[in-house]
Structure formats: C-alpha cells, structure tokens
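Overview (structure and organization)
The residues making up each chain are set out below.
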Amino acid sequence: MKPYRPSNKVPGTGWIWLLTLSILGGAVVGGGIALIARWIYLLLIFPALMGFTSGSATTVAIKKGKVRSPLVGLFFGVLTGLITYGAYHGGEYFLTRQSFAKEIEAELGQDLDSADMNALMDTFFQEETGSSGFVGYLKFSAKQGLSIGRAGSSSDGIPLNETFTWIYWLIELAIIEAISVIMAKSAAKDPFCETCDQWYGQGQRMGTVADEQSEVFLKVLEADQIVQAATHIQPRAATIPYLEVDQRQCPGCHQGEVVLEVQRYSENKKGEGKQSPVLLGMLSHRQTRQLTEAISTSQKSDPTIDTNEPDASQEG
Ligand SMILES: [Zn+2]
C-alpha cells in the first residue's frame, strides 16, 4: 500500500488565512493571558492552553485556506506560538508600564506627559539592566525573579533566581511550540482531494486490530496483502490498546482513491483515551472492495462472534 502524500500546495487565500489567524489569534490569546495573569497564573496549564489555542488557530487557517503543505503548517505553528507568547510578555510589559506610571505620578503628585514618562521608564530599565524598552523590561523581570507557588496558596512560594527564570520561560515557550506545531502539522497532512479541491470526510470505522496482532497487520498491509490484513480486523476491540482502522473518502467524488487511516488508541492510568496516528495509506477501489468483502467474510466465519441468527448449516 502506498502512503498518502500531501500535495504541498498552498493557495493564495491559504497564506492570507495563515497570516491573519496567526497574528490575530496570537495577539488576542497572549494579551488575554497577560490580563488574567494580573490575578492568577497557572504554571504549565497556561502555557499548554496557549499552545492549544495557537495550534487551533493555525488548524482553522489550514482547513479554511486549504493548506496542504506540512512544512508551511509547521512554520506557522511555530510563528503563532511565538506571537502568542510574545503577546503575553508584551501585554505584561504594557500593563507594568501603566502601573509604574500611576505610581510615579502619585509620588510626584502631578501628571507627566507620555513622552516624559517613557523617557523616565526607559532610563530606569537602562540603568537596571543595560537595555531599554521591552528587552530591558524582560531582563528586569528576570532579575526580580519569578516565584513559584501553588495556586490559591497564601505562602510566597519558591523563588527562582535570574537564570532559572530564563530557563522557566524557555520551558514555557517549548511547551507552547510543541503543542502548536504537532496540531498544525497534522492538520496540513490530512487527506485532500485535488480533483474536487476539498478535504476528505471523517473516518468511517472498518474495524479494530488487537495490540498483539498490530505488527503483523501493518506488515501485511504494507505488502499489499489485503485479504491477509483483513483477517486481523475485528468489529470491536476486546482490550486496550488497539488499532482503529477507518476508511476516509472525498465527499465530492466517490470515484477518488480511498484513504485508509490507522490510529492507535490507548488509555492512561486515569482512563483518559488518546488516539495517535499510525498510518495514512491509499487504497484503490479494487483494494477497498477486497478489504470490505474480506472483513465481512472473516467476521462471519469467526465463531467467537455471537450472532442471534440461526446457523444456516443446520438447515436441511
Ligand atoms: Zn473528490
């Protein structure tokens, strides 16, 4: 079976979707998190949330813009993640400047115009860190250090020094990028019908393959031994983990090739299910018919499957 290969095409409207949602999604989410972070900031959870939203924004742009290039998907996954995290720190910078300004004005007992205020703050960051503006602010925040404590706890938490603050920020960025990139790349890899210019539909379940048979199943499938592969497919899995075998078709033309999608379903200790991609392969119409027929034959002859129908061989 030959694997499904995306065409790597990116239409003009695709670029517009990607750029718009990347900038807009990143700015809105990052800015929003900066606002919420005035009251509460949940470690690991907020970065994971930012990764999920930037992955989702990129996925929507890929789907709407018909982007079939995993490389372009990857690039915009990275970019949206960077914009989101940049907007979060940028938003904090903006809010910090505002509260600084209020404090200074309260101390002086008079209003300063914004040019004077900016000059004053930049001088402050310059003196403290050697850099002005946003970079000066970041360096200053790192020097102050973060404090890691439990949400809702009244204690001050564990202080992080300058180096560890930078490391912690890098870890946050890595979490955001990892989630965003995985989502964006897999969205662009999804099967697409070049004839009808549309995405393939959802998968229709053909059956499942037990974990201990999965290796053999994938091997015979790769060798185009369709009938052989069908003998490993059962209607329902008895144990977890298992392989889920779906067929996907273009909703526009049922003449086009069928994509066979194999995913591994597993559960963690908490019972949360997870599907991870294993294989996307092309089936010809003949192979699809062969596979469907072979599955129904092997399931009929399987004595372990309980059917309520009377056994035909008993008659006559
Ligand atoms: Zn089609």
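What counts, and at which threshold
- Residues numbered from 1 in each chain as written.
- Predicted model: local features only at pLDDT ≥ 70, side-chain atom pairs only at ≥ 80, totals over all residues.
- Heavy atoms only, no water.
- Helix = DSSP H or I, 4+ residues; strand = E, 2+ residues; numbered from the N terminus.
- Expected span 1.5 Å × (residues − 1).
- Buried < 20%, exposed > 50% of the residue type's maximum accessible area, 1.4 Å probe, protein only.
- Pairing = 2+ DSSP bridges.
- Patch = residues over 30% accessible without salt bridge, like charges linked within 9 Å, V, L, I, M, F, W, Y side chains within 5 Å.
- Areas by Shrake-Rupley, 256 points an atom, 1.4 Å probe, with all protein chains shown as cover.
- Salt bridge = Lys/Arg side-chain N within 4 Å of Asp/Glu carboxyl O.
- Domains from an automatic or database assignment.
- Contact = heavy atoms within 4.5 Å.
- Buried area = accessible area lost by both parts, 1.4 Å probe.
- Polar contact = N/O pair within 3.5 Å; in protein donor to acceptor, adjacent residues only side chain to side chain.
- Nonpolar A, V, L, I, M, F, W, Y, C, P; charged D, E, K, R; others polar.
- Donors = N, O, S within 2.8 Å, 3.2 Å for Na, K, Ca; no water.
- Tetrahedral: all angles 85-135°; square planar, octahedral: opposite > 155°, others 65-115°.
- Axes fitted to C-alpha atoms, helices over the stretch in contact; angles between N-to-C directions.
- Parallel < 35°, antiparallel > 145°, perpendicular 65-115°, else oblique.
- Left-handed = near helix turned anticlockwise from the far one by under 90°.

Regarding helix 1 (residues 12-36)
Relative to the 36 Å expected for 25 residues at 1.5 Å per residue, helix 1 spans 36 Å between its end C-alpha atoms, a close match to the ideal helical length. Along helix 1, the residues classified as buried are Gly 14, Leu 18, Leu 21, Ser 22, Gly 26, Gly 30, Ile 33 and Ala 34.

A closer look at the sheet that holds strand 5 (residues 204-210)
The five strands lie next to each other as 6-5-7-8-9, forming an open sheet whose pairing is antiparallel. This sheet does not close on itself; its edge strands, each paired only once, are strand 6 (233-234) and strand 9 (273-283). Examined bridge by bridge, strand 8 (residues 258-267) and strand 9 share 10 bridges and lie antiparallel to one another. Note that in strand 9 the partner of Val 258 across the bridge is Leu 283.

A look at a nonpolar patch on the surface
A surface patch of nonpolar side chains, amounting to about 450 Å² of accessible area, comprises Leu 35, Ile 36, Trp 39 and Ile 40. Tracing the sequence through the fold places Leu 35 in helix 1.

Brief notes about helix 3 (residues 70-108)
Helix length check: helix 3, at 39 residues, gives a terminal C-alpha distance of 56 Å against a target of 57 Å (1.5 Å per residue), a fit within 8%. Immediately beyond the C-terminal end of helix 3, within one or two residues, lies Gly 109, with a positive phi of roughly 75°.

Points about the domain arrangement of the chain
Partitioning the chain into domains gives domain 1 (12-190) and domain 2 (193-303). The distance between the C-alpha centroids of domain 1 and domain 2 comes to 41 Å. Taken together, the contact between domain 1 and domain 2 spans eight residues of the former and five residues of the latter. Between domain 1 and domain 2, the buried area comes to about 640 Å², and carbon and sulfur atoms account for 44% of it. Taken together, domain 1 and domain 2 are joined by three salt bridges. Residues Glu 194 and Arg 68 are paired through a salt bridge, measuring 2.5 Å at the closest nitrogen-oxygen approach. Viewed at the interface, domain 2 and domain 1 are joined by four residue pairs in polar contact (both at pLDDT 80 or more). Broken down by secondary-structure element, the contributors of at least two residues to the side of domain 1 that touches domain 2 are helix 2 (45-64) and helix 6 (162-189). Of the residues assigned to the side of domain 1 that touches domain 2, the class counts are three nonpolar, no polar and five charged.

Some points on the coordination of the zinc ion
Within the protein, the zinc ion binds to Cys 193 (SG), Cys 196 (SG), Cys 250 (SG) and Cys 253 (SG); these donor distances fall in the range 2.2 to 2.3 Å. Around the zinc ion, the four donor atoms sit at angles spanning 100 to 116°, and that spread fits a shape best called tetrahedral. Mapped onto the sequence, the residues coordinating the zinc ion show the spacing C-x2-C-x53-C-x2-C. Of this pair, Cys 193 sits in strand 3 (residues 192-193) while Cys 250 is found in the loop between strand 7 (242-248) and strand 8, placing the two residues 57 residues apart along the sequence.

Considerations on the packing of helix 2 against helix 6
Put simply, helix 2 and helix 6 touch, their axes get as near as 8 Å, and they point 25° apart. On the basis of their axis angle, the class for helix 2 and helix 6 is roughly parallel. For the pair helix 2 and helix 6, the sense of crossing is right-handed. Packed against helix 2, whose contacting residues are Pro 47, Ala 48, Met 50, Gly 51, Phe 52, Ser 54, Gly 55, Ser 56, Thr 58, Thr 59, Ile 62 and Lys 63, the element helix 6 presents Glu 172, Ile 175, Ile 176, Ile 179, Ser 180, Met 183, Ala 184, Ala 187 and Ala 188 at the interface. In terms of residue class, the contact of helix 2 with helix 6 is built from 12 nonpolar, seven polar and two charged.

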